[in-house]
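The residues making up each chain are set out below.
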Amino acid sequence: KQEVTQIPAALSVPEGENLVLNCSFTDSAIYNLQWFRQDPGKGLTSLLLIQSSQREQTSGRLNASLDKSSGRSTLYIAASQPGDSATYLCAVDDNAGNMLTFGGGTRLMVKP
Amino acid sequence: ETGVTQSPTHLIKTRGQQVTLRCSSQSGHNTVSWYQQALGQGPQFIFQYYREEENGRGNFPPRFSGLQFPNYSSELDVNALELDDSALYLCASSLAGGVNGYTFGSGTRLTVV
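Cut-offs and rules
- Residues numbered from 1 in each chain as written.
- Chains lettered and ligands numbered in written order.
- Predicted model: local features only at pLDDT ≥ 70, side-chain atom pairs only at ≥ 80, totals over all residues.
- Heavy atoms only, no water.
- Buried < 20%, exposed > 50% of the residue type's maximum accessible area, 1.4 Å probe, protein only.
- Helix = DSSP H or I, 4+ residues; strand = E, 2+ residues; numbered from the N terminus.
- Pairing = 2+ DSSP bridges.
- Contact = heavy atoms within 4.5 Å.
- Buried area = accessible area lost by both parts, 1.4 Å probe.
- Polar contact = N/O pair within 3.5 Å; in protein donor to acceptor, adjacent residues only side chain to side chain.
- Axes fitted to C-alpha atoms, helices over the stretch in contact; angles between N-to-C directions.
- Core = buried A, V, L, I, M, F, W, Y, C linked by side-chain atoms within 4.5 Å.
- Disulfide = S-S within 2.5 Å.

A. The arrangement of the pairing of strand β11 (residues 106–111) of chain A in detail. Residue and element names in this part refer to chain A. By the alternation rule, side chains of β11 split into T106, L108 and V110, which are all buried, and R107, M109 and K111, of which none is buried. Direction of pairing for strand β2 (residues 10–14) relative to β11: parallel, over a ladder of 5 bridges. Pairing of S12 across the sheet is with M109, part of β11.

Here it is, written out as structure tokens:
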């Protein structure tokens, strides 16, 4: 059974810092991995999708990497802003689109 | 391109009652999945519908059931509500096979009292 872990559970940084969020998964036979953002009480907004054949994806200040062999993904946020404050969730699809297994999330606070 | 829409946004039910949640998939998507998210936790997979049939189910009891309609919209029904069913219920749509990932709606906040 796939298990996804996100470290740290919470993170507080001053504005302008570059930061890395970590995601690890136990079964490396994944189909793809998706990073989401969730604001309090809201739904999930997709940030980046990395398919199993890819090593990384970039969107603006965000960069996500994937190392299937070690069961790890990282989300790099450059020049953090207070508007980046949210919970970031990592999810693994290991059954060709049948279901996602989520980590517990990292709650990020960026202080002005 | 319209996104995933869910209704209602909030509702309060009494223990033992039944509830129906609704979801309209993103234009062009033919698969709908439902997730339950308890406070402070990651979402948990309930089930997925494709071609109006259940196409995978998580570790949820039979009192959680669903439907998918020919227009790909979906309903989640929960019978005999329990206090622990209080959660944010998220609907996600995708293409079959999930090749382009999942698009989530804003969720329905269910409170059982």
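B. Examining the interface of chain B and chain A more closely. Taken residue by residue, the interface counts 22 residues in chain B and 22 residues in chain A. Where chain B abuts chain A, roughly 1500 Å² becomes buried across the two surfaces, and 49% of that area is made up of carbon and sulfur atoms. The tally of links from chain B across to chain A stands at 6 residue pairs in polar contact (both at pLDDT 80 or more).

C. Expanded view of the side chain of Q38(A). As for its position among the elements, Q38(A) is in strand β4 (residues 32–38). Using a relative accessible area of 9% as the deciding quantity, one classes Q38(A) as buried. Setting aside anything within four residues of it in sequence, one finds Q38(A) in contact with G43(A), L44(A), A86(A), T87(A), L89(A), Q37(B) and L88(B).

D. Quick look at the sheet that holds strand β6 (residues 56–59) of chain A. Residue and element names in this part refer to chain A. With respect to topology, 5 strands assemble into an open sheet ordered β1-β3-β8-β7-β6, the strand pairing being antiparallel. For this open sheet the edge positions go to β1 (4–7) and β6, each flanked by a neighbour on one side alone. Going across the sheet, the axis of each strand differs from the next one's by a mean of 15°, ignoring polarity. Pairing analysis gives 6 bridges linking strand β7 (residues 62–67) to strand β8 (residues 72–77), with the strands arranged antiparallel. Within β8, the position partnered with S65 by the bridge is T74.

E. Representation of the nonpolar core within the structure. In terms of nonpolar packing, the biggest core is built from 22 residues, with F25(A), L33(A), W35(A), L75(A), I77(A), Y88(A) and L108(A) touching the most fellow members. At the level of elements, β3 (19–25), β4, β5 (44–51), β7, β8, β9 (86–93) and β11 of chain A are the ones that each hand at least two residues to this core. Ignoring sequence-local partners within four residues, the contact set of F25(A) consists of Q2(A), E3(A), V4(A), I30(A), L33(A), L66(A), D67(A), K68(A), G71(A), R72(A), S73(A) and V92(A). V4(B), C23(B), L76(B) and C91(B) belong to the second-largest nonpolar core, a separate cluster that totals 20 residues.

F. Local environment of the pairing of β6(A). Residues and elements named next belong to chain A. With 4 bridges connecting them, β6 and β7 associate as antiparallel partners. When the bridges of β7 are listed, Q57 appears paired with A64. The antiparallel hairpin formed by β6 and β7 contains 2 residues in its connecting segment, where G60 sits at a positive phi of about 60°.

G. Highlighting the sheet that holds strand β8 (residues 74–78) of chain B. Residue and element names in this part refer to chain B. As summarised here, the arrangement of the 4 strands in space is β1-β3-β8-β7, forming an open sheet in which the pairing is antiparallel. Only two strands of the sheet have a single neighbouring strand rather than two, namely β1 (5–7) and β7 (64–68). In this sheet, adjacent strand axes meet at a mean angle of 20° when their direction is disregarded. For β7 and β8, the ladder comprises 5 bridges, and the chain directions are antiparallel. The partner of G66 across the bridge, within β8, is L76.

H. Structural view of the state of the cysteines. Enumeration over the complete set of coordinates arrives at 2 disulfides over all chains. With its sulfur 1.9 Å from that of its partner, C23(A) forms a disulfide with C90(A). Classification of the bridge connecting C23(A) and C90(A) rests on its S-S torsion, roughly -50°, and on that basis the disulfide is left-handed. Of this pair, C23(A) sits in strand β3 while C90(A) sits in strand β9; the two residues are 67 residues apart in sequence, bridging distant segments of the chain. Residue class for C23(A) comes out buried when judged on its relative accessible area of 2%. Look at C90(A) and you get buried, because its relative accessible area is 0%. Covalently, C23(B) is tied to C91(B) through a disulfide, its sulfur atoms 1.8 Å apart. Between C23(B) and C91(B), the S-S torsion sits near -65°, and that sign places the bridge as left-handed. Here C23(B) is found in strand β3 (residues 19–24), whereas its partner C91(B) is found in strand β9 (residues 87–94), with 68 residues between them in sequence. On the basis of relative accessible area, C23(B) is assigned to the buried category, the value being 3%. For C91(B), a relative accessible area of 0% puts it in the buried group.

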